[in-house]
Amino acid sequence: MMTDEEHNKILLDVIIAALQGYMQGNRGDQEEPSKEEQCGEVKSNFAYLLGQAIRQWRIPNDNWHTSKEAQKVWELIVDQTTSKHKDISREHLCYKETFTCKKEAEGMVIPRFKGTTRDFGKICYEKIYKLDEKRKEKEYVFNDIFIAEHTTPIADIRDALEECYKRYNFCRIRLRREMTLILDKIHITQMLRIEDRRIEECQNRITVLFLKKKYNGGSVYEYLKNIDSQQIYKAIVGKCYSMLPPKNTQNTEEYTSTLKAVKNANGNHVPRWARAMRIDKGYSIKILN
């Protein structure tokens, strides 16, 4: 099996190639751009490829984090005797990893979102069952209820890599070393989908929240390179995950029915692990590790 180091070494070649294409697609100094470039296809295709390649980077173990409420829900519903994945805080789950629920979780109502909507007016819920209609254990996937949120946004990493390339493309050894340093500053937090939807600042967090305000428009590359990785994570958590304001979403039929279902299943109150759905109140995402 390929090690993380071997994986990243190969992937870095892909990232560099995609970055070159992305930067060429962004150039405005060509006298006669091609038809595709005029339509923006080159830029968008390489931007997508670069983003997907960055997402495949295997980050250091210490850069994986879990919210306290995600850990709580995992412990409440997941059958650790039959599920391949045992502990969310010790494993790196992102998307379609499967798990089965334990018998004690039957009847639990878990608020969640389908798709990419951030509108709490479209919130729904999952009622946990042990068995499906064929009387077999029903499998859920990680992304049904949880999400792996890129605390360090891909957009910030991309911008830093672009500046890094401009500085060191003349020396491929130095370039690879510097790009690896930046990519290893990526942090991911596993949290509930309802927690993720409370987040207001999602893109270019470093550029918007720190460089423009604190460092007077400084370099995202220099920031990521020179600031300790865990310090960066704590700073973003403090700005983006804490003291989130109430949401102004109108109480739609979907929201009202989901809130009612959660309350009915929990003695007419919203349990602590589901409080992110209380859009009339502020909320902070608490980190376990």
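As the structure is a computational prediction, the values presented were derived from the model and not from experiment.

> How do you make sense of the pattern of salt bridges when you look at a structure like this?
When charged atoms on two side chains of opposite charge get close, those side chains can pair. The full count for this structure, using the stated rule, is 17 salt bridges. Arg58 serves as the salt-bridge partner of Asp4, at 3.2 Å between the closest nitrogen and oxygen. One end of the pair, Asp4, is in helix 1 (residues 4–26); the other, Arg58, is in the loop between helix 3 (41–55) and strand 1 (64–66), and 54 residues separate them in sequence. With a relative accessible area of 40%, Asp4 lands in the partly exposed category. Judged by relative accessible area, which is 33%, Arg58 ranks as partly exposed. A salt bridge links Asp196 to Arg197; the nearest nitrogen and oxygen atoms lie 2.4 Å apart. Since its relative accessible area comes to 5%, Asp196 is described here as buried.

> When you look at the nonpolar core in this model, what are you seeing that I'm missing?
Among soluble globular proteins, nonpolar side chains are generally buried collectively. Counting 82 residues, the largest nonpolar core has Ile77 and Phe146 as its most contacted members. Broken down by element, this core gets its largest block of residues, eight residues, from helix 1. Those residues in contact with Ile77, other than ones at most four positions away along the chain, are Phe99, Thr100, Cys101, Lys102, Ala105, Met108, Ile110 and Ile145.

> I tried to follow the pairing of strand 4 (residues 124–127) on my own but got confused; where do I start?
Put simply, side chains in a regular strand alternate between the two faces of the sheet. On strand 4, burial follows the alternation: Cys124 and Glu126 on one face are buried, whereas Tyr125 and Lys127 on the facing-out side are not. Relative to strand 4, strand 3 (residues 109–112) runs antiparallel, the two being bridged by four bridges. Paired with Pro111 across the strands is Tyr125, a residue of strand 4.

> How should unusual backbone geometry be read in this particular structure?
Most peptide bonds are trans, and most residues other than glycine sit at a negative phi. With a phi close to 45 degrees, Asn204 is a non-glycine residue in the positive phi region. For Asn204, the location among the structural elements is in the loop between helix 8 (193–196) and helix 9 (205–211). Not every positive phi belongs to a glycine, and Met243 is a case in point at roughly 50 degrees. Assignment of secondary structure puts Met243 in the loop between helix 11 (229–241) and helix 12 (253–264). When its relative accessible area of 72% is taken as the criterion, Met243 is described as exposed.

> Would you explain the packing of aromatic side chains in this entry?
Between two aromatic rings, the relevant description is the distance of the centres plus the angle of the planes. For the structure on display, the rule yields six aromatic pairs. Between the aromatic rings of Phe99 and Phe146, the centroid separation amounts to 6.3 Å while the plane-to-plane angle is 65 degrees, which identifies the pairing as edge-to-face. Taken as a pair, Phe99 in strand 2 (residues 98–100) and Phe146 in strand 6 (residues 146–150) lie far apart in primary sequence, 47 residues in all. Judged by its relative accessible area of 1%, Phe99 is buried. Both rings, one in Phe113 and one in Phe120, keep their centres 5.0 Å apart while their planes meet at 85 degrees; by these two values the pair is edge-to-face. An aromatic cluster is defined as three or more aromatic residues linked by ring pairs; in this entry it consists of Trp74, Phe99, Tyr140, Phe142 and Phe146. For Lys96, the ring lying beneath its charged end belongs to Tyr95, and the centroid distance is 5.0 Å.

> Got a minute to help me understand the side chain of His85 in this structure?
With respect to the helices, strands and loops of the structure, His85 is situated in the loop between helix 4 (68–77) and strand 2. Here His85 falls in the buried class, since its relative accessible area comes to 13%. For His85, the side chain forms a polar contact with the side chain of Glu91, separated by 2.8 Å. Aside from chain neighbours lying at most four places away, what touches His85 is Trp74, Val78, Glu91, Leu93, Glu97 and Thr98.

> How should I be thinking about helix 7 (residues 172–183) in this particular structure?
Quick reminder: α-helices carry 3.6 residues per turn. Residues three or four places apart thus point the same way. Relative to the 16 Å expected for 12 residues at 1.5 Å per residue, helix 7 spans 16 Å between its end C-alpha atoms, a close match to the ideal helical length. Leu175, Glu178, Met179, Ile182 and Leu183 are the residues of helix 7 that are buried. Buried residues along helix 7 cover an arc of 135 degrees about the axis, so they all sit on one side.

> Hey, could you run me through helix 6 (residues 154–168) in this one?
With 15 residues, helix 6 should reach 21 Å at 1.5 Å per residue; the first-to-last C-alpha distance of 21 Å fits that figure. Those residues of helix 6 not exposed but buried are Ile154, Ala155, Asp156, Ile157, Ala160, Leu161, Glu162, Cys164, Tyr165 and Tyr168.

> Can you help me understand the pairing of strand 7 (residues 188–192) in this one?
Buried residues dominate strand 7, accounting for five of its five residues. Relative to strand 7, strand 1 runs parallel, the two being bridged by three bridges. By the bridge assignment for strand 7, Thr66 is matched with Gln190. Two strands pair when backbone bridges link them, and strand 6 and strand 7 are joined in this way by five bridges, in the antiparallel orientation. When the sheet's bridge partners are listed, Phe146 is paired in strand 7 with Leu192.

About the cut-offs
Residues numbered from 1 in each chain as written. Predicted model: local features only at pLDDT ≥ 70, side-chain atom pairs only at ≥ 80, totals over all residues. Heavy atoms only, no water. Salt bridge = Lys/Arg side-chain N within 4 Å of Asp/Glu carboxyl O. Helix = DSSP H or I, 4+ residues; strand = E, 2+ residues; numbered from the N terminus. Buried < 20%, exposed > 50% of the residue type's maximum accessible area, 1.4 Å probe, protein only. Core = buried A, V, L, I, M, F, W, Y, C linked by side-chain atoms within 4.5 Å. Contact = heavy atoms within 4.5 Å. Pairing = 2+ DSSP bridges. Phe/Tyr/Trp six-rings, centres within 6.5 Å; stacked < 30°, edge-to-face > 60°. Lys NZ or Arg CZ within 6 Å of the ring centre and 35° of its normal. Polar contact = N/O pair within 3.5 Å; in protein donor to acceptor, adjacent residues only side chain to side chain. Expected span 1.5 Å × (residues − 1). Arc of directions from axis to C-beta.

These figures come from the coordinates and say nothing about function on their own.
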